[in-house]
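# An overview of the molecular structure
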Amino acid sequence: MKILLLPLLAVAAYGGHAFLEDGKEYVYDAELYQNAGTMDYSPSAAATAWKYRVRMQVAGDDIHFRVVDLSSSQYVGPWSSTEWAWDKTTFTEIPVEDEFTITYKNGQAVSLKVPSSFDTHRRNLIKAFATTWQISLEDKDYFVAQENLLHGDCKVQYTVNDNMISKSVSHFRDCKHRKFRIVDNFRGYRCDGDWSMEAWDIYGKEMEGRNDPEPLYSSANTLFVVAKKGDRYQVNKMVLSGTVAAQYFESPGISTFIHVNRSMTLVDVRNSDGSIRPSGTVTLTDLSYEMSDGDYKWNKERNLKDKEPFFSSGEYFQEDQVTLQGAIVKILDMIWKSFSLHDVNRPNMDMLHKFGSGSAMPIVYGMNYDSLMDVFNQLKGDTSVAGVAKQNMFREFVAEAGTSAAAIFIKDAVLSNLFDNDSDAARAVAGIAFHIRRPNVQLVNEFAAILESDRHGLVEMAGPLALAHLIQRTCHLAGNTFSDERRQCVSELSDVWADKYFKKFTEATDQEDKLMAISFLLNLKSVKAKELLRPVAYGEYPGVDDQLQARAIRASFWGTIYTQSTKDYYLPIFMNMRNSHGARIAAIEQIFIMNNVDVTTLSMIMTHMFAEQDNEVLNYVFTLFDKHANSKYACNDEAKANKVRYFLKYMKQMAIHRTDYGFGVSKTFRQSYVQEKYGYGGGIEFSVLGSHASTTPLEVGLRLDTNLFGGYQSNLLTINIRIEGLAKSLVRKFIKMPENEWRIQDLQNIFSSMGVALKPNQAIKVEFQVLLKDVIVLHRMFDETAAEKGGKLKEFISSLQGSGNEYSLNYQRVLQWGSAIYEQPTESGLPMAYASALTTLASLEATVKRGLSRGVIFRDIDWDIHLNTQATTLMTFFIPSQRISHGIVQDRVYTAHFPRHLIIGVNIVKKELRIQLLRPEVTHPFLMVMHSRTSVMARGANIGGDVDLSANCPSCPNKMIISKGQNAMKSRPVIDHDSKHMGTLTKVEIFDCEMVEIEEAKTVGHTVNAFLPFNKYPKTPFNIFQMGIRQVQAFFLYFPRAEQCGAYFRFSQSPKNPVKEIDISIQGKILDVSKGARLGQVGKKTFLKVDIVAKGSKKAENREFKLNMKYERSVAGIENSLKVQFGAGGNKIVGLSDYVICASMENKYSSVGKSYMNTNLDERLAVTGSAGIKYGEGKKCGQAPGSTDIKFEHSTTQLGREELKNKWYYKACMEQRASNEWKSGEDPYTAECWLTLWDASLARKYSWNMDFEKTTPTVKSWLSKAQTVVKAGLIPYWDVDPDALVGAITDTPKLSFEFVFKNKDRVVDATFITDKGTSKFPDVALNLPNWTGRLRQLKLEKTVPDMIQSNILSTCLQTSESIRTLDNVTFPYQPSSCWTLVSGHCAPKPGYAVFTKKNRNMPLSMRVYLGGHKIEFEPIDSKNIKITKDGSQEQVEDKGSKTFMEGKEEILKLMKWGSVYTIFSPYNVNVIYDGTFVQVIPAPFVKGQHCGVCGNFDGNKKNEFLNKVGAPVDAGRMAQAWCI
């Protein structure tokens, strides 16, 4: 191999061959151009250029350089690919002659000699100059060589031909030990696995860095033109192209870049005179880029109160601290003034961009501690509303600043009680680590003082969590992923604190202290934390419960990521069925966070489900697979989804389990969307951890996430709430069962005599955990004493409440949602930076009054809310010697104003609710504005950023907004409506917008597209709408376009006929109608009266509206009546006429059947009714000009009943009717027979007869449009008489239509009849799924069935041959001759017990204890049953009921319907019996405290067969095992 070195301007000899001759001087003309900008929409750039001549004298291995004739220029403006921008500028001379020396060996530059006076930046320029000209030559057309570049140790790709050599390198992919700095306070992670920003070595193997060019990409491409001169070579020309590009929104979105172009052309070769000999030099052997922030290492002491540089290339503010203090005060004043900008115009938009919520941050970045304190003290002196607001804003900006000086300020403010309350102090403390950019161990030690303070409350909780977060950030920012600095920090700082807090865990005796220690370790995100917590996570540590184990499992996650052991660590935990279901679910969740779950692991999990004993685990795994198989993640995880989908298919086919999304059961699901065009998306994930001891779950969780460029996930917010035992505690507190009246002791004695072990009440463990960006910021625990006086929950709630009958609020809060800085060198040696930030300022001014006036309890709330958000994205490079930067910035501002005055009052005596709403004024409107602009700029090193370009480009501005000119800016009103009826003005407008989508058709198209289901999951109507809203919001928030554009929404009083206030009075009552009472039910009458006065400028301009409603419902809803009357009073002053709407509806269902479960296929069920509406101008219904009458009938069909006979549940029900098990009763009480009854009672024929007796022009227009839509949709199914619907509504007053569903409700026949004819549309396909579920039910109410289906209620069914338990396990059963406990509430204070035994006349006798009250059912023959209560005989007639009271306590209600008796005991149990079966429906809170042959009622199907003491028993012995 022959290696030939071409150093910067010459070639040194190697192996007897050289390009350039020793003792010669070579002269090159050089040009260097560098720009920052975009080529999207209207290409523009900010740029600088240099021209110079380089003289080089060759002296052995040393090349001596002198740079002469240096000149430079600058440019800001449009950037054309066909016109050279520099032809329009002037180059000015720079009187500099620099000399330096480069030494080469074996084809590589090995050292530099530069003047000792050169600072870091000038040394970097020489390094870039030297490392550009390294060439490795081999006898190959293509090869890869290892080279030392400015960026690190890089693999460089070569292609070679006769006279041209090209080399290329992608820095993220090919370079190790890269020189870059990243501070990502958005805190996302690469969920696509392409996470490394540099190449690295692992176990002796070189690994490539990031291959994906999104969102950031850096590369260099160099072309050398060479020629052979005898036995020598020379470089005649070199061209370098280096690029750093940012593209966050796929190819259609905005992209920005920094481009470097360096060219060198040989102009002369002559004998060297030896005149170039650099003197006073220092030798540099490290040729990689040097950052300028060496004094800010993690372990280096410094004055934390000093200001610190924002960028690693140095400090760019020249102003002193006094000037900065004045600047921040001015900015705060301008931000406050901007709250009063309520007109949308260009000057106001300019002000919002200049003084947005992010405008204060650069000034605060440059301030030291003393300046921060001086400004705070200065602002503190102004106690006016504006003064307090500015003080609050300043304190908030400091808390978000991220400098060490700001962190010390916050620490001292907390210790000095400068915050108004604990919650503000805790938020400030927690926020420090989210924004800090240059933390060190010294700051950690200072910050630890907060833990040692005597403060309590939220700060006591937030302190350790924030400290752990700060430690984690200190080590994370100490160096890049594979750096020695990061490893050293973890070892010397993070691991020490991990040991300290694990010791706290081991020594803690309180559950809360243990949980807090684990949360501390979670926030450390370290390998050490994982190692320490391993025994806890594996359930091996003594005294660890399921709550602690699950928390330890989650706290270990990041340690497994860093050691690449996630599967190895968590899979054994999940597979171990001795672990609690909470721990196992936590473990499998961590496994699935990985994007590379392998098929072997998935196969193992699937196989394990065959043997799974815990229904909570089983159901969670199924929903987890379903979530990952079908949801939209936008993390390039389609391969993962396909794998999971594969195994889910077979899990379902093998009928291992039926996925259950009901209430309380362990499950997880996701609602999400992906915007494919721009690559962003997001979702909401929900998780539920079910309980074996309660119907309500142990824990619920929610996570809100976003995704960019399909691979960067940010978990914005996670909330986990543990509510173990809370529901049962509330039941015990609010649903009392007085022991004397209920005779609780008697039932306790019965259970005791049986030897039944009563089950203790579920302990209360309430835990509230909030994570921001995967960091715990709030962690509170409460037990049974928390709500008592002096308890933590009581104190916490009290701390959040205001005091007094009148108080004012003046709150300002700043939240920097995130910020990011990325820095690296460019190919010129100049530093570059990509920075972005999203900051929101919220201001609330409010006055709250409360009290009692004239019998009305009222709250008077007058508030004014301002929201100001600014999002800035900057791509820039710096010229440190001139303290100038050139860049491109996209600035987006959002402002919102929500004024409102609300008065709410309740008059308990009159049962009246009063609401008064004061409308926002025209000059003080409800307003939302968004505006985006992108600019290129040259910026100086001062607050104003001024720089003089006139010497180079007199026509160039400092800053130019990217635009195609004034003619390209369009505005289009979307809504402009001044309503005289409502007295409001509503405006929606897109303004000053250069996007082509501003055209109405395209705007509507894109808006509709956001609400289409194709990119959302699940495809339910609610989620499609919810994710559509979020998709629209995301577009405006990210605004991934270079064009400038604005939009606003404005709502206020009308300027012409305003409504200033709306006064609403609401009165209502519900009355029982005892007439016709049966089945324990009575009819109801509901009355509602609403009076509305819309008050104008004076009383004569008031508008009055009245609404009266009456609703009557008979027993079981057989007959119903609704009457509604609405009237709007006229007002001649504002041009309004009287208007009235009167509507009525009556219907009647088929009568109640002979029994609840009776299904008669010969019976036609129907609901018939009529409705009418009269409307139009006038005061009375009879005078209304518009009138429509409707008659309707919805009925079952013979075809539907015939189709039912072919359905599986009908066939099963018929078999059950004929079986020995059910033949002695009237109707089987089985799921199959219930489904049969449900299906048979569905209306499948819908008929309406409409008489448009009188139709007003407005309504006629609406109907005509609706008719057009219907006709268009039915065209493919048109059968006969196409003229029948023509003019049907406009020309004829009568219209009849009928819909008949058939073919399993997949198609419908539609018929329309008018006096012009009949139109039929047969076999119209119904594309939406589950039309059966949408059909009208004519017999059954859905409340109880829905509660059973949702797991809120559970049922147990016992017959003479089988039992179906509360956990839905069916097994053969033979009743015993002794009284067997079927179902009992085996709590310390039991509520009920149900016993059965074999009877000789009918299969079963039954005894029920409600407390100590005994009700016994003894069949005396095959038709009659003797009923006694506490020994006294009772009788109930068919469809009748009887209520039994004990004092004021209702113990039970006994009802009979057909042969079936029902015992209803409020908040206790429901028992249904007819001698053939017993069905028990316990109250939900009985779960976990149940006993009897109906099973454990703990959610598990595989532990049902237990006896009185909890020991396993054979299923055939269950009756005897539970005998009295």
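To start, this report covers the structure provided alongside it. (Residues numbered from 1 in each chain as written. Predicted model: local features only at pLDDT ≥ 70, side-chain atom pairs only at ≥ 80, totals over all residues. Heavy atoms only, no water.)

## Considering the overall build of the protein
When helices and strands are tallied, the protein shows 34 helices and 61 strands. Computed over C-alpha atoms, the radius of gyration of the protein comes to 40 Å, within 12% of the 36 Å expected from 2.2 N^0.38 for 1524 residues, which places it in the range of a compact globule. Taken over the C-alpha atoms alone, the protein extends approximately 130 × 85 × 70 Å along its principal axes. For the protein, the residues scored as buried account for 55% of the 1524 residues in total. Counting contacts in the protein only where the partners sit at least 6 residues apart, residues at least 24 apart contribute 66% of the total. Summed over all atoms, the accessible surface of the protein reaches about 65300 Å², with 53% contributed by carbon and sulfur. (Helix = DSSP H or I, 4+ residues; strand = E, 2+ residues; numbered from the N terminus. Rg over C-alpha atoms; globule rule 2.2 N^0.38 Å. Buried < 20%, exposed > 50% of the residue type's maximum accessible area, 1.4 Å probe, protein only. Contact = heavy atoms within 4.5 Å. Areas by Shrake-Rupley, 256 points an atom, 1.4 Å probe, with all protein chains shown as cover.)

## Overview of the packing of aromatic side chains
Considering all chains together, one arrives at 72 aromatic pairs under this definition. Their ring planes at 85 degrees and their centres at 5.6 Å tell us that Tyr538 and Tyr569 sit as a pair that is edge-to-face. Of the two residues, Tyr538 is situated in the loop between α14 (527–537) and α15 (546–555) and Tyr569 in helix α17 (residues 566–575); the sequence distance between them amounts to 31 residues. Tyr569 matches Tyr538 in its accessibility class, with the two residues each being buried. (Phe/Tyr/Trp six-rings, centres within 6.5 Å; stacked < 30°, edge-to-face > 60°.)

## What to know about a negative patch on the surface
On the surface, Glu460, Asp510, Asp513, Asp783, Glu784 and Glu788 cluster together into a patch of negative charge. The class of Glu460 is partly exposed, set by a relative accessible area of 47%. (Patch = residues over 30% accessible without salt bridge, like charges linked within 9 Å, V, L, I, M, F, W, Y side chains within 5 Å. Salt bridge = Lys/Arg side-chain N within 4 Å of Asp/Glu carboxyl O. Lys, Arg positive; Asp, Glu negative; His and termini not counted. Charge placed at Lys NZ, Arg CZ, Asp CG, Glu CD.)

## Concerning the state of the cysteines
Tallying each qualifying case throughout the model produces nine disulfides. Paired through a disulfide, Cys953 and Cys956 show a sulfur-sulfur distance of 1.9 Å. Here Cys953 and Cys956 share a disulfide; its torsion about the S-S bond, 65 degrees, makes the bridge right-handed. Cys956 shares its class with Cys953; the two are buried. (Disulfide = S-S within 2.5 Å.)

## Quick notes on the sheet that holds strand β49 (residues 1370–1372)
Read across the sheet, eight strands follow the order β49-β48-β47-β60-β59-β58-β57-β56 without closing on themselves; strand pairing throughout is antiparallel. Strands with a single pairing partner mark the edges of an open sheet, and in this sheet they are β49 and β56 (1441–1446). On average, adjacent strands in this sheet sit at an angle of 10 degrees to one another, irrespective of strand direction. In this structure, strand β59 (residues 1469–1473) lies alongside strand β60 (residues 1477–1482), joined through five bridges in antiparallel fashion. Across the sheet, the residue bridging to Val1471 is Val1480, located in β60. (Pairing = 2+ DSSP bridges. Axes fitted to C-alpha atoms, helices over the stretch in contact; angles between N-to-C directions.)

## A closer look at the environment of Arg892
Following the sequence through the fold, Arg892 ends up in strand β28 (residues 884–907). If sequence neighbours within four positions are ignored, Arg892 has contacts with Thr869, Gln870, Ala871, Thr873, His931, Ser932, Leu1037, Tyr1038 and Phe1039. Engagement of the side chain of Arg892 in a polar contact is seen with the backbone oxygen of Leu1037, the distance being 2.8 Å. Within polar-contact distance, the side chain of Arg892 engages the backbone oxygen of Tyr1038 at 3.5 Å. (Polar contact = N/O pair within 3.5 Å; in protein donor to acceptor, adjacent residues only side chain to side chain.)

## Considerations on helix α29 (residues 1208–1218)
Taken together, the buried positions of α29 are Tyr1209, Tyr1210, Ala1212, Cys1213 and Gln1216. Down the axis, α29 shows its buried residues gathered within 165 degrees of arc, on one side only. The exposed set on the far side of α29, more than 90 degrees from its buried face, consists of Trp1208, Glu1215 and Ala1218. In this fold, the buried residues of α29 make contact with α28 (1198–1204) and α30 (1231–1240). (Arc of directions from axis to C-beta.)

## With respect to unusual backbone geometry
Residue Pro215 is bonded to the preceding Glu214 through a cis peptide linkage, with omega at 5 degrees. Among the structural elements, Pro215 can be located in the loop between β14 (205–207) and β15 (216–229). Pro1018 follows Tyr1017 through a cis peptide bond whose omega is -10 degrees. Assignment of secondary structure puts Pro1018 in the loop between β34 (1016–1017) and α27 (1021–1038). Even without a glycine there, the phi angle at Tyr41 is positive, about 55 degrees.

## Overview of the sheet that holds strand β50 (residues 1380–1385)
With respect to topology, seven strands assemble into an open sheet ordered β55-β54-β53-β52-β51-β50-β61, the strand pairing being antiparallel. At either margin of the open sheet sits one strand with a lone partner, and together these are β55 (1432–1434) and β61 (1490–1491). As judged from the five bridges shared by strand β52 (residues 1404–1410) and strand β53 (residues 1413–1419), these two strands associate in the antiparallel manner. Paired with Val1408 across the strands is Ile1415, a residue of β53. Running over the sheet, helix α24 (residues 744–754) touches β50, β51 (1392–1398), β52 and β61 and is turned about 50 degrees from β51.

Without other data, these values stay purely geometric and don't point to any function.
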